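Coordinates in review
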Amino acid sequence: MVVCQTVEEAIQKLSDAPQLAPPQTQPGIAFLFPGQGSQYPTMGRDLYQHEPHFRAAIDHCCAFLQPYLDLDLRTLLYPSTPPLTPPPLTQTRYAQPALFVVE
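Residues numbered from 1 in each chain as written. Predicted model: local features only at pLDDT ≥ 70, side-chain atom pairs only at ≥ 80, totals over all residues. Heavy atoms only, no water.

Non-glycine residue Thr42 carries a positive phi angle of around 80°. Looking at the element boundaries, Thr42 is found in the loop between helix H1 (7-16) and helix H2 (45-50). A positive phi is found at Asp70, a non-glycine position, where the angle reads about 60°. As for its placement among the helices and strands, Asp70 is situated in the loop between helix H3 (52-69) and helix H4 (74-77). Under the relative-accessibility criterion, Asp70 is labelled exposed at 66%. (Helix = DSSP H or I, 4+ residues; strand = E, 2+ residues; numbered from the N terminus. Buried < 20%, exposed > 50% of the residue type's maximum accessible area, 1.4 Å probe, protein only.)

Below is the structure:
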């Protein structure tokens, strides 16, 4: 973690930081998402309805995931009727993909 106020300061601090991996090793990439529990039905609905790029990304991801989830994740993210209690999005098999898709 680096605390800085400008891009130049960030570059300088990161350049001066000790290397954690041997120089010949390519560092890996990690994707970090919030913990399960932050998902809820209708999250991102306004973006989905009004932002074409966001909608396209959601549609693409949901189409890709449908064979693995045996449902269209959009039916849980953007239900046409009030969601069940508890909503299916509380189940890990739907919560984790939903978080990934929306983020």
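Having seen the structure, we can now continue with the description.
What follows deals with the packing of aromatic side chains. The full count for this structure, using the stated rule, is 2 aromatic pairs. Ring centres of Tyr48 and Tyr78 lie 4.7 Å apart, and the angle between their planes is 25°; this geometry places the pair in the stacked category. Taken together, the residues Tyr48 in helix H2 and Tyr78 in the loop between H4 and helix H5 (92-102) connect sequence positions 30 residues apart. Accessibility classification places Tyr48 together with Tyr78 in one group, the buried group. With a centroid separation of 5.8 Å and an interplanar angle of 40°, the aromatic rings of Phe64 and Tyr68 are classed as tilted. Of this pair, Phe64 and Tyr68 both sit in helix H3, 4 residues apart, which is roughly one turn of that helix. Judged by its relative accessible area of 57%, Tyr68 is exposed. (Phe/Tyr/Trp six-rings, centres within 6.5 Å; stacked < 30°, edge-to-face > 60°.)

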